[in-house]
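Structural overview for review
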There are 2 protein chains.
Amino acid sequence: MPSEAVDDYLKAIYEIAGDEGRASTASLARKLSVAPASVTGMLQKLAQRKPAPVQYQKHRGARLSEHGKLRALEVIRHHRLIELFLHRVLGYSWDEVHDEAERLEHAISEQLEDRIAERLGNPEVDPHGHPIPRKDGSIPTRRDMSLLEAFVGSETTVSRVSDSNPEMLRYLAGLGISPGTKIKLTGRAPFDGPLTLEIGNSRKKQALGPTVAGEIRVTPPLNGKGKG
Amino acid sequence: MPSEAVDDYLKAIYEIAGDEGRASTASLARKLSVAPASVTGMLQKLAQRKPAPVQYQKHRGARLSEHGKLRALEVIRHHRLIELFLHRVLGYSWDEVHDEAERLEHAISEQLEDRIAERLGNPEVDPHGHPIPRKDGSIPTRRDMSLLEAFVGSETTVSRVSDSNPEMLRYLAGLGISPGTKIKLTGRAPFDGPLTLEIGNSRKKQALGPTVAGEIRVTPPLNGKGKG
DNA sequence: TCCAAAGTTTAGGTCGCCCTAAATTATGAT
DNA sequence: ATCATAATTTAGGGCGACCTAAACTTTGGA
Ligand SMILES: [Mn+2]
Ligand SMILES: [Mn+2]
Ligand SMILES: [Mn+2]
Ligand SMILES: [Mn+2]
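The rules we used
- Residues numbered from 1 in each chain as written.
- Chains lettered and ligands numbered in written order.
- Predicted model: local features only at pLDDT ≥ 70, side-chain atom pairs only at ≥ 80, totals over all residues.
- Heavy atoms only, no water.
- Pairing = 2+ DSSP bridges.
- Helix = DSSP H or I, 4+ residues; strand = E, 2+ residues; numbered from the N terminus.
- Contact = heavy atoms within 4.5 Å.
- Axes fitted to C-alpha atoms, helices over the stretch in contact; angles between N-to-C directions.
- Donors = N, O, S within 2.8 Å, 3.2 Å for Na, K, Ca; no water.
- Buried < 20%, exposed > 50% of the residue type's maximum accessible area, 1.4 Å probe, protein only.
- Least-squares fit on C-alpha atoms with pLDDT ≥ 70 in both.
- Near = heavy atom within 4 Å.
- Polar contact = N/O pair within 3.5 Å; in protein donor to acceptor, adjacent residues only side chain to side chain.
- Nonpolar A, V, L, I, M, F, W, Y, C, P; charged D, E, K, R; others polar.
- Domains from an automatic or database assignment.
- Buried area = accessible area lost by both parts, 1.4 Å probe.
- Salt bridge = Lys/Arg side-chain N within 4 Å of Asp/Glu carboxyl O.
- Parallel < 35°, antiparallel > 145°, perpendicular 65-115°, else oblique.
- Core = buried A, V, L, I, M, F, W, Y, C linked by side-chain atoms within 4.5 Å.

**Let's talk about the sheet that holds strand β8 (residues 216–219) of chain A**
Residue and element names in this part refer to chain A. Taking strand neighbours across the sheet as the criterion, the six strands line up as β3-β8-β4-β5-β6-β7 in an open arrangement whose pairing is antiparallel. Taken across any chain shown, the strands that pair with only one partner, and hence form the sheet edges, are β3 (145–146) and β7 (205–208). Note that strand β4 (residues 155–161) and β8 share four bridges and pair antiparallel. Directly across from V161, in β8, lies its bridge partner I216. Helix α7 (residues 166–175) rests against β4, β6 (195–199), β7 and β8 of the sheet, and its axis sits at about 165° to β7.

Here's what the structure looks like:
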């Protein structure tokens, strides 16, 4: 079984590059708060394991092998199940779940993973709307787009938000924005200006900066269906 | 914050010697599956920390300091809360909870500890009847005795059972014995022979070997109160 | 084509936690 | 008082995961 450090490397590669792309040494060093030389060393070691979780080419970064990809998804599944469990069962707010899950993801057994999933009804998304990988490594997909790219006038539903910044999560919670919330995009100022929104059933206009809007993903209403 | 290894040493000392006695090098080596020389080395290092969690004297083993005692109790509190949580909320059987708790006890935050305790209604005992230390380090006490020492003819209630052997736990579960179960001791064969019991409301006699009986603790009926 | 930036290599080191083997010393029960 | 046992010391080592500094190589864009 991979160590916590190895799991963190695999997860980082997945988060940076997905299951196809390559993660550069520098990007991994940044994400893991580790020196570049340490990353090079670790990637070389991992690439020589049998089975190797990563493919590594000098100066070209690392790519997950099938093995590595499955392991990364396993850890991410743990993480997101735990986040949802903390939220639903233990009353954690969505800005508190990440740090706790970051440690627990390495400590739970397959059995506990299964019981948590069962207890939650085999959920497909975590509290931030991120998809929870299935046991077989497949991922529930949702076609969505950045709120930044939505058409002015469209009525959308929030599908997910970035969970990397607790402060932003609290801000969004304050605005009443979370997965499932309806948002009508009523205006967009030029030159990367703020968006104007109607949130939920409220008619009140709310301005939202582009930095925040870029971290919100939404699904448009069903194909061509008008309001009624 | 102490490492997992240090916490395991403190817990082991507590389990061997309580908060007063000393744990010998050999006993720690056995319990932790580690070489005696490693134990000596670790105890010396711990005794020099500030604040030192253990007092150490050559050839005389280790004793927990106040600091060390509180830390040991903290970890044990985690362990037992987690055991009960797994049992009550996630449907673990009582022979499955220990191994899972053994890892998780090191990974949960104070916040999670609190939420678990809250969710369980601030319980005083774990699934095996072991007392759960309180946050301040005090321990719910229950006057109980080994089933081996109970009087023949007395009607007792199981207060706790040893949780160190999953197979024994499954055996006891099969007999219908768990904390809270009523047991009437109807006979005791000489020369460390088996006890004869009536378990719960059943009138059926059940023989129980002394090894198992020694791992069961019971509370006698309330002072002098007869059956009715 | 050239060069800065990114990445790598090497050499050396740290820290925590563990190991062995062999020599030595202290303890406590007889 | 003796002596087996328990404990300690010393010297050496290993592993995983990190670090720095400095030299080097590769890459890719201007
Ligand atoms: Mn992690
Ligand atoms: Mn999340
Ligand atoms: Mn442990
Ligand atoms: Mn227990």
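**Some words on the coordination of the manganese ion (ligand 4)**
All names here are of chain B. Protein coordination of the manganese ion (ligand 4) is provided by E83 (OE), D126 (OD), H128 (ND1) and D163 (OD), with donor distances spanning 2.2 to 2.7 Å. Sequence spacing of the donors to the manganese ion (ligand 4): E-x42-D-x1-H-x34-D. Taken together, the residues E83 in helix α4 (residues 66–90) and D163 in the loop between β4 (155–161) and α7 (166–175) connect sequence positions 80 residues apart. On the accessibility criterion, E83 (0% relative accessible area) is buried.

**Quick notes on the coordination of the manganese ion (ligand 2)**
Ligation of the manganese ion (ligand 2) by protein atoms is provided by E83(A) (OE), D126(A) (OD), H128(A) (ND1) and D163(A) (OD), these donors lying 2.2 to 2.7 Å from the ion. Taken in chain order, the donor set of the manganese ion (ligand 2) reads E-x42-D-x1-H-x34-D.

**What about the relation of the copies chain B and chain A?**
Superposition of chain B onto chain A requires a rotation of 180° combined with a translation of 0.0 Å along the rotation axis, giving an RMSD of 0.1 Å. Such a combination of rotation and displacement between the chain copies is what one expects of a two-fold axis. Interface residue correspondence from chain B to chain A reaches 100%, placing this contact among same-surface, isologous pairings.

**Describing the protein's contact with DNA strand C**
Around DNA strand C, the surrounding shell holds 20 residues, and the nearest of these are T40(A), Q44(A), Y56(A), S3(B) and S38(B). A share of 90% of the atoms of DNA strand C within 4 Å of the protein falls on sugar and phosphate groups. For DNA strand C, a phosphate oxygen lies 2.8 Å from a polar atom in the side chain of T25(A). Between DNA strand C and K58(A), the relevant distance is 3.4 Å, taken from a phosphate oxygen to a side-chain nitrogen or oxygen of the residue. Considered class by class, the residues forming the surface near DNA strand C number nine nonpolar, nine polar and two charged.

**Some thoughts on the domain arrangement of chain A**
Residues and elements named next belong to chain A. Partitioning chain A into domains gives domain 1 (4–64), domain 2 (73–141) and domain 3 (145–218). Look at where the C-alpha atoms of domain 2 and domain 3 centre, and you get two points 25 Å apart. Counting residues at the interface gives nine residues for domain 2 and 13 residues for domain 3. When the buried surface of domain 2 facing domain 3 is broken down by residue, W94, D95 and H128 rank first, second and third, together holding 62% of it. Summed over the shared surface of domain 2 and domain 3, the number is one salt bridge. For the interface between domain 2 and domain 3, the tally reads five residue pairs in polar contact (both at pLDDT 80 or more).

**Observations regarding the interface of chain B and chain A**
With 18 residues of chain B at the contact, the number on the chain A side is 18 residues. Among the residues chain B hides against chain A, the three largest losses belong to L90(B), L112(B) and R115(B). Together they make up 32% of the total. There are two salt bridges connecting chain B and chain A. Its salt-bridge partner being R115(A), residue E96(B) comes within 3.7 Å of it at the nearest N-O pair. On inspection of chain B and its partner chain A, the count reaches ten residue pairs in polar contact (both at pLDDT 80 or more). Listing elements by their share of the side of chain B that touches chain A, those giving two or more residues are α4, α5 (97–104) and α6 (110–119) of chain B. For the side of chain B that touches chain A, the leading source of residues is α6(B), giving five residues. In terms of residue class, the side of chain B that touches chain A is built from ten nonpolar, three polar and five charged.

**Observations concerning the packing of helix α1 (residues 4–17) of chain A against helix α4 (residues 66–90) of chain A**
Residue and element names in this part refer to chain A. Remark: α1 packs on α4, axes separated minimally by 9 Å, with the N-to-C direction vectors making an angle of 95°. Here α1 is positioned roughly perpendicular relative to α4, judged by the angle of their axes. Touching D7, L10, K11 and Y14 of α1 are G68, R71, A72, L73, V75, I76 and H79, all from α4. Taken together, the residues that form the contact of α1 with α4 break down as six nonpolar, two polar and three charged.

**A closer look at the protein's contact with DNA strand D**
The full set close to DNA strand D counts 18 residues, and S3(A), S38(A), T40(B), Q44(B) and Y56(B) are the nearest of them. Backbone atoms, meaning sugar and phosphate, make up 92% of the atoms of DNA strand D lying within 4 Å of the protein. Within the backbone of H59(B), one N or O atom sits 3.1 Å away from a phosphate oxygen of DNA strand D. Considering only residue class, the surface near DNA strand D consists of seven nonpolar, nine polar and two charged.

**What to know about the sheet that holds strand β6 (residues 195–199) of chain B**
Whenever strands of a sheet pair, they do so through backbone hydrogen bonds, lying parallel or antiparallel. Residues and elements named next belong to chain B. Read from one edge to the other, the open sheet built from six strands follows the order β3-β8-β4-β5-β6-β7, with strand pairing classed as antiparallel. At either margin of the open sheet sits one strand with a lone partner, and together these are β3 (145–146) and β7 (205–208). Note that β3 and strand β8 (residues 216–219) share two bridges and pair antiparallel. Across the sheet, S146 pairs through a bridge with R217, a residue of β8. Packing against the sheet, α7 makes contact with β4, β6, β7 and β8, and its axis sits at approximately 165° to β7.

**A short note on the nonpolar core**
Among the nonpolar cores identified, the biggest contains 36 residues, and F85(A), L90(A), L112(A), F85(B), L90(B) and L112(B) are the most heavily contacted of them. Contributions of two or more residues to this core are made by α4, α5 (97–104) and α6 (110–119) of chain A together with α4, α5 and α6 of chain B. Beyond its immediate chain neighbours, meaning those up to four positions away, L90(B) contacts F85(A), L112(A), R115(A), I116(A), R119(A) and F85(B).

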